[in-house]
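# Understanding the architecture of this molecule
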Amino acid sequence: MACDLLQRHFAGLRKILARVYDNRWEAGRRVSHPSCETIPAVTSLAKDSPFLRACRREPVPYTPVWFMRQAGRSLPEYRQARAGVPMLESCTRADLIAEITLQPMRRYRVDAAILFSDIVVPLKAIGFGIDIKAGVGPVIDEPLRGQHDLERLRPLEPGDVPYVTEAVGALVRELGDRPLIGFAGAPFTLASYLIEGGPSRHHDRTRAMMYAEPELWHALMARLTAITISFLEVQIAAGVSAVQLFDSWVGALSPSDYRTYVLPHSAQIFAALAGRDVPRIHFGVGTGELLGLMRHAGADVVGVDWRVPLDEAASRVEAGTALQGNLDPAVLLAPWGVVAARAREILLQARIAESHIFNLGHGVLPDTDPGMLARVTDFVHEHSAR
Ligand code: CP3
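So, a few notes on the structure that sits alongside this text. (Residues numbered from 1 in each chain as written. Predicted model: local features only at pLDDT ≥ 70, side-chain atom pairs only at ≥ 80, totals over all residues. Heavy atoms only, no water.)

Quick look at the site of the ligand now. In the vicinity of the ligand, 26 residues are found, and the nearest of them are Arg69, Tyr78, Asp118, Ser248 and His362. One of the backbone nitrogen or oxygen atoms of Arg69 is found 2.5 Å away from an oxygen atom of the ligand. Note that an oxygen atom of the ligand is positioned 3.3 Å from one of the backbone N or O atoms of Ala71. Alone, the ligand offers 870 Å² of accessible surface; in the complex the protein occludes 91% of this. For the shell around the ligand, the elements supplying multiple residues, two or more each, are α4 (76-82) and β3 (137-140). Looking at the shell around the ligand residue by residue, the classes come out as 16 nonpolar, six polar and four charged. (Near = heavy atom within 4 Å. Polar contact = N/O pair within 3.5 Å; in protein donor to acceptor, adjacent residues only side chain to side chain. Areas by Shrake-Rupley, 256 points an atom, 1.4 Å probe, with all protein chains shown as cover. Helix = DSSP H or I, 4+ residues; strand = E, 2+ residues; numbered from the N terminus. Nonpolar A, V, L, I, M, F, W, Y, C, P; charged D, E, K, R; others polar.)

Structure, rendered in structure tokens:
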């Protein structure tokens, strides 16, 4: 009964939103792309995994689990593998990409692997002057300032990232029935680094360009959209089973600005990947007010940070949406009793969602005890078994 009411409510809302967008999004969805024929047969082994079933909102034996940044500095073997190798170089060596991606799979019974890479890899691959500084994040040699800078963002060709194709192929064979998630940074989050020159608190220059020079903004977003589509297509062609679009910093925008300056571009990315039989996950931090719109951009699964309880998040997205999240990564630094209670609460709150994939509300913090992640994974599996 309640479910019926909710369904009707969201059907109405969907209609209103479609009108508000002047059908731009719908138009985007009709863009057709050639289907991909190069996916290795081995990818089909993962098709019936709990993670992919949950993405498709099908019944699962238990709630699947994976963690954003499950590979990384919380693992001693990661620090060892990376010793003396700069971050972006490690993302261009297929052997290291595969090894680091597999490290958490050896420790945890997580339900999916996520490709070891970074959102700035495609930008580096087209020759853009960008690096990742340890403990800081992406830094740009010459930040984008004007129209003339757009030339520096040429399209990405599959041949620009051969190491991604090679690593994904090797990983898919190694993982067998465990799905591999590919990912990319969304245009807004990429633009924020390019314009600010590095990490920033409120992305002031980015928002200023949006308001002051909307034409330049949309031209920049269009270039980043094309690069992102191409980067995700390479990963899908090589065999990833799902993709996550990280719009980590888009929570800096109001819903109205999101709709005008971001949604049409993100929608184009999701539309380009429609019909590939690869679930599309969309995640950002501090995006409580944007969850409905981020779903509307064309995602199958919406990632939620720890600020919005999942039962509340479920009411903010339209019917037909799976949710992913949302344990505060800092909770993992507390004693096990606290962690277990929070994990249990999330499972309870998620019951109202059509489907749920357990994750953190953002990436694993470097100080996290890997033993804690192993324990949470098993706890979620046990306590959600149906
Ligand atoms: O989740 C995974 O296990 C896959 C690996 C992954 C990395 N970056 C590896 C990485 C993913 C999914 C990303 C995405 C990414 N990169 C995002 C979106 C996700 C998010 O966190 O919101 C963003 C914003 C970036 C940009 C970036 N790269 C930042 C902010 C940092 C951290 C800087 C720091 O040192 O704290 C990086 C570097 C980075 N990317 C590391 C890893 C494992 C740490 C580098 C190191 O080991 O020194």
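As a further point, take the nonpolar core. In terms of nonpolar packing, the biggest core is built from 134 residues, with Phe51, Leu153 and Phe358 touching the most fellow members. At twelve residues, helix α11 (residues 214-238) tops the list of elements feeding residues into this core. (Core = buried A, V, L, I, M, F, W, Y, C linked by side-chain atoms within 4.5 Å. Buried < 20%, exposed > 50% of the residue type's maximum accessible area, 1.4 Å probe, protein only.)

Strand order in the open sheet made by the seven strands is β1-β4-β5-β6-β7-β8-β9, with parallel pairing throughout. A strand with exactly one partner marks an edge of an open sheet, and here the two such strands are β1 (113-114) and β9 (356-360). Pairing of β1 with strand β4 (residues 180-185) involves two bridges; the strand directions are parallel. Bridge pairing in β4 links Ile114 to Ile181. Most of the contacts of α11 go to β4, to which it runs at about 170 degrees, and overall it touches β4 and β5 (242-246). (Pairing = 2+ DSSP bridges. Contact = heavy atoms within 4.5 Å. Axes fitted to C-alpha atoms, helices over the stretch in contact; angles between N-to-C directions.)

Looking now at the environment of Glu233. Looking at the element boundaries, Glu233 is found in helix α11. Residue classification places Glu233 among the partly exposed positions, given a relative accessible area of 23%. A sequence separation of ten residues divides Glu233 from Val243, and the C-alpha atoms of the two residues are 9.8 Å apart.

Every other side chain in a regular strand lies on the same face of the sheet, so the side chains alternate between the two faces. Most of β4 sits out of view: six of its six residues are buried. Burial along β4 is two-sided: the face carrying Leu180, Gly182 and Ala184 and the face carrying Ile181, Phe183 and Gly185 are both buried.

Let us now look at the side chain of Asp160. With respect to the helices and strands, the residue Asp160 is situated in the loop between β3 and α8 (162-175). Residue Asp160 is classed as buried on the basis of its relative accessible area of 17%. Side-chain polar atoms of Asp160 contact the side chain of Arg154, separated by 3.0 Å. Those residues in contact with Asp160, other than ones at most four positions away along the chain, are Ala125, Ile126, Arg154 and Pro155.

Treat this as a map of the structure, not an account of what it does.
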